[in-house]
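Coordinate inspection notes
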Amino acid sequence: MLRLTQRRTLTLQAPETAGGHAHVSAASGLVRAGQWLHVVADDSLFLASFPLEGEAPGAFQRLLPGELPLEPRSRKAHKPDMEALCLVQGLSGAPHGALLAVPSGSTAVRQKGALIPLAADGSTSGPVREVDFTNLYAQLARELGPLNVEGAAVSGARLRLLNRGNGDEGKDAVVDLDTGRVVRALEAGAPLEPDAVRIVRRWELGRAGTVRLSFTDAAPLPDGRIVFTAAAEDTRDAYADGAVMGSAVGVLAPDGTPMFLDGVDAKVKLEGVDARVEGGRIHLLLVADADDPTQAAPLFETVLEGVRA
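Small disclaimer: the values here were computed from a predicted structure and weren't measured. (Residues numbered from 1 in each chain as written. Predicted model: local features only at pLDDT ≥ 70, side-chain atom pairs only at ≥ 80, totals over all residues. Heavy atoms only, no water.)

1. Focus: the layout of surface pockets
Spelled out, the test is: Computed over the protein atoms alone on a 1 Å grid, cavities are sets of points where a 1.4 Å probe fits but cannot get out and pockets are open sets with protein on both sides within 12 Å along at least five of seven lines; a residue lines them when it has an atom within 4 Å of a point. Grid points are joined across faces, edges and corners, and a volume is the space filled by probe spheres set on the points. Secondary structure elements follow DSSP: runs of H or I of four or more residues count as helices, runs of E of two or more count as strands, with numbering from the N terminus. Each residue gets one of three labels, nonpolar for Ala, Val, Leu, Ile, Met, Phe, Trp, Tyr, Cys and Pro, charged for Asp, Glu, Lys and Arg, and polar for the others, Gly among them.
In this structure, the second largest pocket spans a volume of roughly 200 Å³. Broken down by secondary-structure element, the contributors of at least two residues to the lining of the second largest pocket are β2 (27–33), β6 (82–88), β10 (149–155), β15 (211–220) and β19 (270–278). Take the lining of the second largest pocket: its biggest share by element is four residues, from β19. Along the lines of polarity and charge, the residues of the lining of the second largest pocket split into 13 nonpolar, no polar and three charged.

2. Describing the pairing of strand β4 (residues 46–51)
Here is the rule: Burial classes: relative accessible area under 20% of the type maximum marks a residue as buried, over 50% as exposed, and values in between as partly exposed (1.4 Å probe, protein chains only). Pairing between strands requires that DSSP locate at least two bridges from one strand to the other.
A large share of β4 lies buried, amounting to five of its six residues. Of the pairings in the sheet, the one linking strand β3 (residues 36–41) to β4 comprises five bridges and is antiparallel in character. Residue pairing in the sheet places W36 in a bridge with P51 of β4. Count of turn residues in the β3/β4 antiparallel hairpin: four residues. The pairing of β4 with strand β5 (residues 59–62) spans four bridges and is classified as antiparallel. Pairing of F46 across the sheet is with R62, part of β5.

3. Things to note about the nonpolar core
Stated precisely, the cut-off is as follows: Residues enter a nonpolar core if they are buried and are Ala, Val, Leu, Ile, Met, Phe, Trp, Tyr or Cys, with the set joined through side-chain atoms within 4.5 Å. Contact definition: two residues touch when any of their heavy atoms are within 4.5 Å.
Counting 32 residues, the largest nonpolar core has L100, V102, L140, L161, L177 and L186 as its most contacted members. For this core, the secondary-structure elements that each account for two or more residues are β6, β7 (98–103), α2 (134–144), β10, β11 (158–163), β12 (173–178), α3 (179–188) and β13 (197–202). Every residue in contact with V102, bar those within four places of it in the chain, is listed here: D81, M82, E83, A84, F133, Y137, V149, A152 and L161. Membership of the second largest hydrophobic core comes to 20 residues, among which are L270, V273, L284 and F300.

4. Some remarks on α2
Heads up, the rule is: Working note: the arc is built from the helix axis to C-beta atom directions.
The set of residues buried in α2 consists of L136, Y137, L140 and L144. Buried residues in α2, looked at end-on, bunch into an arc of 90°, giving them a common side. In the stretch just after α2, G145 is the one whose phi turns positive, near 85°.

5. Thoughts on the packing of aromatic side chains
Heads up, the condition is: For this analysis, a ring pair means two rings from Phe, Tyr or Trp (six-membered ring only for Trp) whose centres lie within 6.5 Å, classed as stacked if their planes differ by under 30 degrees, edge-to-face if by over 60, and tilted for the remaining angles.
Within the structure shown, the criterion is met by three aromatic pairs. Taking 5.2 Å as the distance between ring centres and 75° as the angle between the ring planes, the aromatic pair formed by F46 and F60 counts as edge-to-face. Residue F46 is located in strand β4, and its partner F60 is located in strand β5; the two are separated by 14 residues in the primary sequence. Measuring from ring centre to ring centre gives 5.1 Å for F215 and F228, while their planes differ by 85°; the resulting arrangement is edge-to-face. Of the two residues, F215 sits in strand β15 while F228 sits in strand β16 (residues 226–234), which places them 13 residues apart along the sequence. Among the residues examined, F215 registers a relative accessible area of 0% and is labelled buried.

6. Notes on the pattern of salt bridges
Applied cut-off: We count a salt bridge whenever a side-chain nitrogen from Lys or Arg sits within 4 Å of a carboxyl oxygen from Asp or Glu.
As enumerated under the stated definition, the model contains 26 salt bridges in all. For R7, the salt bridge identified is with E53, shortest N-O distance 3.6 Å. Separated by 46 residues along the polypeptide, R7 in strand β1 (residues 5–9) and E53 in the loop between β4 and β5 bring together distant segments of the chain. Of the residues examined, R7 reaches a relative accessible area of 25% and is grouped as partly exposed. For R308, the salt bridge identified is with D223, shortest N-O distance 3.5 Å. A residue pair is termed long-range when its members are at least 10 positions apart, and R308 in the segment after β21 (298–303) and D223 in the loop between β15 and β16 qualify at 85 residues. For D223, a relative accessible area of 36% translates into the label partly exposed. Connected via shared salt-bridge partners are E150, R164, E233, K269 and E271.

7. Topic: the sheet that holds β10
Rule in force here: Helix axes are fitted to C-alpha atoms over the stretch in contact, other axes to C-alpha atoms as well, and angles between N-to-C directions run from 0 to 180 degrees.
Spatially, β10-β11-β12-β13 is the arrangement adopted by the four strands of the open sheet, whose pairing is antiparallel. The sheet is open, and its two borders are formed by β10 and β13, each paired with just one other strand. Between one strand axis and the next, the sheet turns by 20° as a mean value, whatever way the strands run. Examined bridge by bridge, β11 and β12 share six bridges and lie antiparallel to one another. Within β12, the residue paired with L162 across the bridge is V174. On the sheet, α2 packs against β10, β11, β12 and β13 and is oriented at approximately 35° with respect to β13. In the packing of α3 onto the sheet, the strands contacted are β10, β11, β12 and β13, and the crossing angle to β12 comes to about 65°.

8. A few points about unusual backbone geometry
For D81, which is not glycine, the phi dihedral falls at a positive 60°. Among the structural elements, D81 can be located in the loop between α1 (72–78) and β6.

9. Some details on empty space enclosed by the protein
The rolling of a water-molecule-sized probe over the atoms marks out the regions of remaining empty space. Considering all chains together, one arrives at one cavity of 30 Å³ or more under this definition. The space that makes up the largest cavity amounts to roughly 40 Å³. In this structure, the largest cavity is lined by E16, T17, S44, L45, F46, G66, E67, L68 and R75. Here the residues of the lining of the largest cavity sort into three nonpolar, three polar and three charged.

Shape descriptors only; they carry no functional weight alone.
Structure representation (structure tokens):
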């Protein structure tokens, strides 16, 4: 098993909304850019950004308009459910790249994402733009059934989405989009369309006990491989939460085939991952979601042993 070391908790300088908690609880997507860590939470309208080093509280930036109720059931029904975050390069007007926040698509209100330009030091810079995934997700739902997109990573000519197949009808799948078509749509402020889809592959990741492991996030490696996280959550569908049986970390080959999977030594629901090759080893940063708004999400680190860098 991989040993997780907790590095910090994701505290904020102030609550996102009056009466709320000054921390990120439902951390779902993670990207390291320069000296910054950026996190999306699936129950938030904001991006949270933290210094890479130290434990200073993070700041937040609005991604989508509106306000979410504090009451948990109502908040769950109205949240945009941005589950993944990835770095996109090659955008005109964003010479240092941009973050793409990706929604799950698991309900009709969970179809909007956001594009956030970055500055040279990896901090956010410039106006945030809404990104419409509705048309793309309608096509993917016809192919896969109930959607729950939880991972996204750009690997060369492909933007790879990971669909989480939790529940009785869900299907774990790797969806390859044409990066060029995605970039052109983002530059034009246009919706993402089905013609960006190149291939859809379905996979079974195995089980933790009696519960299926399902994709929860993705991060690229320089050679085209993708590091992914997976969680075993005892739930009947893509909407309801359930007991977490465990999590794992794996690697997809450049063609999208799972080639490595190992469990972690803590019973947490890993939902976000960033991967770096440093000193000849693959170093990971990971965030977890406790499904409890009163708890601050943890940031973990580990080294991916047994996999060549």
